[in-house]
Amino acid sequence: MITRRLFCGCLAGGLSLAGAAAQAQSLECAVFTPDRQKATAPGDALTRLRAGNQRFIAGKSINCDLMAQVKETATNQSPYAAIVGCIDSRVPPELVFDQRIGDVFCARVAGNCVNTDIIGSLEYATKVAGARAIVVLGHNSCGAIKSAVDDVKLGNITELLKNFQPAIATLSEADGHRDSHNYPLVQKVAEANARLTAASLLVRSPIIKALVESGDLTIAAAMHDIATGKVTWLS
């Protein structure tokens, strides 16, 4: 039998849970301020991205008042992370990680590779603007990686594909025929490219290297699955 006391207790518990959920959503919708950014440890920045992807794949992305965020970030931005992603239309970083206006810097180029311009942008994002993490986000069935595997020659794409030669160099005869229809081979190149690109930032940027060594920044490589939406973090 449900007594009045039990009913009221259940109701109060439900309201308490609802209040906690509302508070959690309120925190996620709060824009990053300089103080909040500074208080975010590099490891915590990656934890936020992981949690965002979990919400994304569970269909529980948080709806915020984006126009309110537009107004709150109009005179200042303090993103906590920077993401280097591919231009592929199926892998929008903000959606994949369930992030909003003012949360993350995004640099996108076919094959999520880096050049001087993108590295300079990452130096700005971290040293100047204070981002605490850099994520190089690759994905499966990447057209740029497939083109590199097939050694495509076409306009400026030819020059772009040279960026993936270090990843292709990790292949061996055991990986089978070098062909874009060889899915495991393409996946291996894509993962190698994400790892090598992330590692190259320490070599190509003394500024980024110094931030990592001082504990103010972390760098990670990850892969997005276009069929499931899940992000897998590479060691």
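A brief look at the structure comes next.

Reading the values: rules and limits
- Residues numbered from 1 in each chain as written.
- Predicted model: local features only at pLDDT ≥ 70, side-chain atom pairs only at ≥ 80, totals over all residues.
- Heavy atoms only, no water.
- Disulfide = S-S within 2.5 Å.
- Helix = DSSP H or I, 4+ residues; strand = E, 2+ residues; numbered from the N terminus.
- Buried < 20%, exposed > 50% of the residue type's maximum accessible area, 1.4 Å probe, protein only.
- Pairing = 2+ DSSP bridges.

**Observations regarding the state of the cysteines**
No. 1: Enumeration according to the criterion identifies one disulfide in this entry.
No. 2: Between cysteine 29 and cysteine 64 runs a disulfide, and the two sulfur atoms are separated by 2.0 Å. Looking down the S-S bond of the cysteine 29 and cysteine 64 bridge, the torsion is -85 degrees, so its handedness is left-handed. Taken together, the residues cysteine 29 in helix α1 (residues 4-29) and cysteine 64 in the loop between α3 (42-57) and α4 (66-72) connect sequence positions 35 residues apart. Assigned by exposure class, cysteine 29 and cysteine 64 land together as buried.
No. 3: Cysteine cysteine 113 remains unbridged, with the sulfur of cysteine 86 as its closest cysteine sulfur at 8.8 Å.
No. 4: What makes cysteine 113 buried here is its relative accessible area of 6%.

**Re the pairing of strand β4 (residues 218-224)**
No. 1: Summarising burial for β4: five of the seven residues are buried, a large majority.
No. 2: Looking at chain direction, strand β3 (residues 133-139) and β4 are connected through seven bridges and run parallel. Its bridge partner being in β4, leucine 137 is matched across the sheet by alanine 222.
No. 3: Here four bridges tie β4 to strand β5 (residues 231-234), and the two strands are oriented antiparallel to one another. Residue pairing in the sheet places alanine 222 in a bridge with tryptophan 233 of β5.
No. 4: Turn length for the β4-β5 hairpin, with the two strands adjacent in sequence and antiparallel, is six residues, and the turn residue glycine 229 shows positive phi of about 85 degrees.

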